[in-house]
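Breakdown of the fold
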Amino acid sequence: MKKTKLLVLSVASLLTFGAMAPAITSQAAAKTASTSYQKSKNKVLYTYAKKMMAKNRTGLSGKTAYIFSKKAYKTTGAAAGYSDLLVGLKGHGYKFTKNQKNLVAKNLVVNSKSTAADLATAIMGLKAVGLNPTNFKPAGAKKSMNLVSQLYRQSMTKQTVNVQSQSLIALSASSSFKRPANAKFTKASLSNAIVKTQQSNNGWGYSNNLATVDSDTTSMAVIGLTRGKTNSSAVTGAITKGQTYLKNAVYPSGSYGYTFQGKNTPNANSTAEVVIAFSTNLNTLKFVNSSTKANQAASSLRAMLGYVNKTGSIKGAYSQLLGVGQVNLATAAYQQAQKKHSVYTLN
């Protein structure tokens, strides 16, 4: 993945490094993911995710590390992608044990120096496991912290669109989250800031310019704006245009990816991010398991699940925490959307 992009992508943690798309034979009608195919892939994927959580490991084979560890991750206390894993597990109905909640609570590092991205990720992670981010006392701290209020007090002016979108998603995760009086922004003003960085091709770029527009960043913006629920014509129009960009950005295989030095690199995480974006709005839910362009070999759901190995791991993933975490989140988002519910609603 682009060197710069590795630092900025994710809800909170985008993305895995590229893997070539699994081969899918081209055909007149896009191949969809049947109910049985979805069940078989989701089962092994979800099982793998549960085992990672139980073992506190970023993978189940090869070189792995702790997911949660203050010693290993001094500024955050957890590996990149942890919140996607937690939110995805919750979306599939997983019940976190007392020990697992304690594991998260005693390791997460949040303080006055935490960045907006780290605060947003922590809010989502804590809420997903059943802890209260508005009254969280980090291990060793003398006082509890309201991470929601602290995030609202962060300046969003110079943040990337990924961080802005991630913050909107986090602040919209619960109806109990209240904006403090001394907040530096509202969800409406943050939504408007994201709208202003939409590019002429209807997408968003990770460096806020046309040259860096991609499906990952555009998906994050679409998700953030949708979750922010600012119903102005400017915001709803930007969402629609962003969705149009995503429909057209699909590769012939049905996968999504990024382009670097003229080379397209489809991968599981980029595809998963678009699945989540299409699942966030009921108007685009139908595109998850159908085609959006002519001569598309497979639906994006079918293409994404094609990356899932028999073991439940993700083909070509730089880290199984990033790969499994985001693909499992995408399957949860799709399933929840069919029930007219958002995987990001964590009340």
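Residues numbered from 1 in each chain as written. Predicted model: local features only at pLDDT ≥ 70, side-chain atom pairs only at ≥ 80, totals over all residues. Heavy atoms only, no water.

Right, let's get into the overall build of the protein. The number of helices and strands found in the protein is 12 helices and 2 strands. Starting at the N terminus and ending at the C terminus, the protein contains elements arranged as α-α-α-α-α-α-α-α-α-β-β-α-α-α. In terms of principal-axis extent, the alpha carbons of the protein reach across some 65 × 45 × 40 Å. For the protein, the proportion of its 347 residues judged to be buried stands at 59%. On the protein, roughly 14700 Å² of surface is accessible, and the fraction owed to carbon and sulfur atoms is 50%. Of the side-chain charges in the protein, 44 are positive and 5 negative, and the distance between the mean point of each set is 9 Å. (Helix = DSSP H or I, 4+ residues; strand = E, 2+ residues; numbered from the N terminus. Buried < 20%, exposed > 50% of the residue type's maximum accessible area, 1.4 Å probe, protein only. Areas by Shrake-Rupley, 256 points an atom, 1.4 Å probe, with all protein chains shown as cover. Lys, Arg positive; Asp, Glu negative; His and termini not counted. Charge placed at Lys NZ, Arg CZ, Asp CG, Glu CD.)

Moving on to the side chain of glutamine 150. Mapped onto the secondary structure, glutamine 150 falls in helix 5 (residues 147–152). A relative accessible area of 13% places glutamine 150 in the buried class. For glutamine 150, the contacting residues outside a window of four places in its chain are Asn111, Ser112, Ser114, Leu119 and Met145. (Contact = heavy atoms within 4.5 Å.)

Spacing of three or four residues puts side chains on the same side of an α-helix, whose turn is 3.6 residues. If you check helix 12 (residues 320–338), its first and last C-alpha atoms are 27 Å apart, about what 19 residues at 1.5 Å a residue would give, namely 27 Å. Taken across its 19 residues, helix 12 has 17 buried, putting it largely inside the fold. Looking one or two residues beyond helix 12, the residue adopting positive phi is lysine 340, at roughly 60 degrees. (Expected span 1.5 Å × (residues − 1).)

With that settled, the discussion passes to the nonpolar core. Ranked by internal contacts, the top residues of the largest apolar core, which has 97 residues, are Met53, Phe68, Leu147, Leu151, Ile314 and Tyr344. When sequence neighbours within four positions are dropped, the list of residues in contact with methionine 53 reads Phe68, Leu85, Leu86, Leu89, Tyr94, Phe96, Gln100 and Val104. (Core = buried A, V, L, I, M, F, W, Y, C linked by side-chain atoms within 4.5 Å.)

What follows is about the environment of phenylalanine 185. By the element assignment, phenylalanine 185 lies in the loop between helix 6 (161–171) and helix 7 (187–196). Given the relative accessible area of 6%, phenylalanine 185 is considered buried. Sequence spacing of phenylalanine 185 and tyrosine 318 is 133 residues, and the spatial spacing of their C-alpha atoms is 36 Å. With residues near it in sequence (within four places) discarded, phenylalanine 185 still touches Leu151, Tyr152, Gln154, Met156, Leu171, Arg179 and Leu190.

Attention shifts here to the pairing of strand 2 (residues 263–267). As paired strands, strand 1 (residues 256–260) and strand 2 are joined by 5 bridges and run antiparallel to one another. Among the inter-strand pairings, threonine 259 is bridged to a residue of strand 2, identified as asparagine 264. Connecting strand 1 to the next strand, strand 2, in antiparallel fashion are 2 residues, including glutamine 261 with a positive phi near 55 degrees. (Pairing = 2+ DSSP bridges.)

As a further point, take the packing of aromatic side chains. For the coordinates displayed, the defined rule picks out 4 aromatic pairs. When the ring of phenylalanine 68 is compared with that of tyrosine 82, the centres are 5.7 Å apart and the planes differ by 70 degrees; the resulting orientation is edge-to-face. Here phenylalanine 68, found in the loop between helix 1 (35–55) and helix 2 (82–91), pairs with tyrosine 82, found in helix 2; they are 14 residues apart in sequence, far enough to count as distant. Relative accessible area serves as the criterion here: at 5%, tyrosine 82 is assigned to the buried category. One cation-aromatic arrangement involves arginine 57 over tyrosine 66; the distance from NZ or CZ to the ring centre is 4.8 Å. Its guanidinium or amino end placed over the ring of tyrosine 37, arginine 302 lies 3.7 Å from that ring's centre, counting from NZ or CZ. (Phe/Tyr/Trp six-rings, centres within 6.5 Å; stacked < 30°, edge-to-face > 60°. Lys NZ or Arg CZ within 6 Å of the ring centre and 35° of its normal.)

So far we have only geometry, and geometry alone does not tell us how the molecule works.
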